[in-house]
Amino acid sequence: QNEAEDLEVWAEMKQRIISSVIGLGVLALVLAFYETAVFNITIIVLILLAVYELFKAAKLTEHRPLFLLCLVFSALVPLLQTKHLGGQLAVICGAYAFLLFLNLIRYHNTLRIEQVSLAFFFGLMVPFSFSVMQLVHDRYEMSVSILYLLMMLGGAWLTDTGAYFSGRMFGKHK
């Protein structure tokens, strides 16, 4: 029994190490093209992946119109944070909320207000949180912005790693 658990732990650890190596490779590639559109495209791709994962975890992907509306809005948020549209951001977010409400009315038989609220939260919080990286990129000179970016990512990775090992060590199911 104990040997089988050890094999399972090593298999899980191997998957995490492979994911980390791939993630670090992507990070190196993005940093190599930091001053190009690759950085902005990477932010949008990360936002879409995060929103997709949240929708999948909440079992909301079967509501296609809601899901697609959220994905489109989430992909547009980093593009909307320019000086020209900055003043219109509240109006655009209001339009997003209105479209979600129309979705709720249209699909009231299969869609609950809690699901629309989650979609609203996912569509706002994820892209705006990720857009902080773009804001740092645009606001500071390259060396400082890369340092801040690495501090943000490093903090997230270190806390995730700490939580994983704390859970393995002190959690009920090891």
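The following refers to the structure shown.

Calculation notes
Residues numbered from 1 in each chain as written. Predicted model: local features only at pLDDT ≥ 70, side-chain atom pairs only at ≥ 80, totals over all residues. Heavy atoms only, no water. Phe/Tyr/Trp six-rings, centres within 6.5 Å; stacked < 30°, edge-to-face > 60°. Helix = DSSP H or I, 4+ residues; strand = E, 2+ residues; numbered from the N terminus. Axes fitted to C-alpha atoms, helices over the stretch in contact; angles between N-to-C directions. Parallel < 35°, antiparallel > 145°, perpendicular 65-115°, else oblique. Left-handed = near helix turned anticlockwise from the far one by under 90°. Contact = heavy atoms within 4.5 Å. 1 Å grid on protein atoms, 1.4 Å probe; cavity = no way out; pocket = protein on both sides within 12 Å on 5 of 7 lines; lining within 4 Å. Points joined across faces, edges and corners; volume = space filled by probe spheres on them. Nonpolar A, V, L, I, M, F, W, Y, C, P; charged D, E, K, R; others polar. Buried < 20%, exposed > 50% of the residue type's maximum accessible area, 1.4 Å probe, protein only. Polar contact = N/O pair within 3.5 Å; in protein donor to acceptor, adjacent residues only side chain to side chain.

### Topic: the packing of aromatic side chains
Next, step 1: Applying the stated rule across the entire model yields nine aromatic pairs.
Next, step 2: Geometrically, the ring pair formed by Tyr 52 and Phe 67 is tilted, given 6.1 Å between the ring centres and 50 degrees between the ring planes. Within this pair, whereas Tyr 52 is found in helix H2 (residues 37–57), its partner Phe 67 is found in helix H3 (residues 64–80), the two being separated by 15 residues in sequence.
Next, step 3: A connected cluster of aromatic rings, assembled from ring pairs, spans Tyr 52, Phe 55, Phe 67, Phe 121 and Phe 122.

### Comments concerning the packing of H2 against helix H5 (residues 113–139)
Next, step 1: The interhelical angle for the contact between H2 and H5, taken along N-to-C directions, is 155 degrees, at an axis separation of 10 Å. When the interaxial angle is binned, H2 and H5 end up roughly antiparallel. Along this stretch, H2 crosses H5, giving a crossing that reads as right-handed. The residues of H5 that touch H2, namely those facing Phe 39, Asn 40, Ile 43, Leu 46, Ile 47, Ala 50, Val 51, Leu 54 and Phe 55, are Ala 119, Phe 122, Val 126, Pro 127, Phe 130, Ser 131, Met 133, Gln 134 and His 137.

### Considering the layout of surface pockets
Over the atoms, a rolling probe the size of a water molecule traces out where space has been left empty.
Next, step 1: Within this model, the largest pocket holds a volume of roughly 620 Å³.
Next, step 2: Lining the largest pocket are 19 residues, and of these Leu 46, Phe 130, Met 133, Leu 153 and Trp 157 lie nearest its centre.
Next, step 3: Secondary structure elements with two or more residues in the lining of the largest pocket: helix H1 (2–32), H2, H5 and helix H6 (142–170).
Next, step 4: Of the residues that constitute the lining of the largest pocket, the class distribution is 16 nonpolar, two polar and one charged.
Next, step 5: Estimated volume of the second largest pocket: approximately 420 Å³.
Next, step 6: For the second largest pocket, the full set of lining residues is Met 13, Arg 16, Ile 17, Ser 19, Ser 20, Gly 23, Leu 24, Trp 157, Asp 160, Thr 161, Tyr 164 and Phe 165.
Next, step 7: Elements represented by at least two residues in the lining of the second largest pocket include exactly H1 and H6.
Next, step 8: Tallied by class, residues from the lining of the second largest pocket come to six nonpolar, four polar and two charged.

### Regarding the packing of H2 against H3
Two measures define how a pair of helices packs: the angle their axes make with one another and the distance between the axes.
Next, step 1: Between H2 and H3, whose axes approach to 9 Å, the crossing angle comes to 150 degrees. It follows from the interaxial angle that H2 and H3 lie roughly antiparallel. The chirality of how H2 crosses H3 is right-handed. Taken together, the residues of H3 that come into contact with H2 (itself represented by Ile 43, Ile 44, Ile 47, Leu 48, Val 51, Tyr 52 and Phe 55) are Leu 66, Phe 67, Cys 70, Leu 71, Ser 74, Ala 75, Pro 78 and Leu 79.
Next, step 2: Class assignment for the residues of the contact of H2 with H3 results in 14 nonpolar, one polar and no charged.

### Focus on the environment of Thr 42
Next, step 1: Here Thr 42 lies in helix H2.
Next, step 2: Given the relative accessible area of 18%, Thr 42 is considered buried.
Next, step 3: The spatial distance from the C-alpha of Thr 42 to the C-alpha of Val 30 is 7.4 Å, given a sequence separation of twelve residues.
Next, step 4: Side-chain polar atoms of Thr 42 contact the backbone oxygen of Val 38, separated by 2.7 Å.

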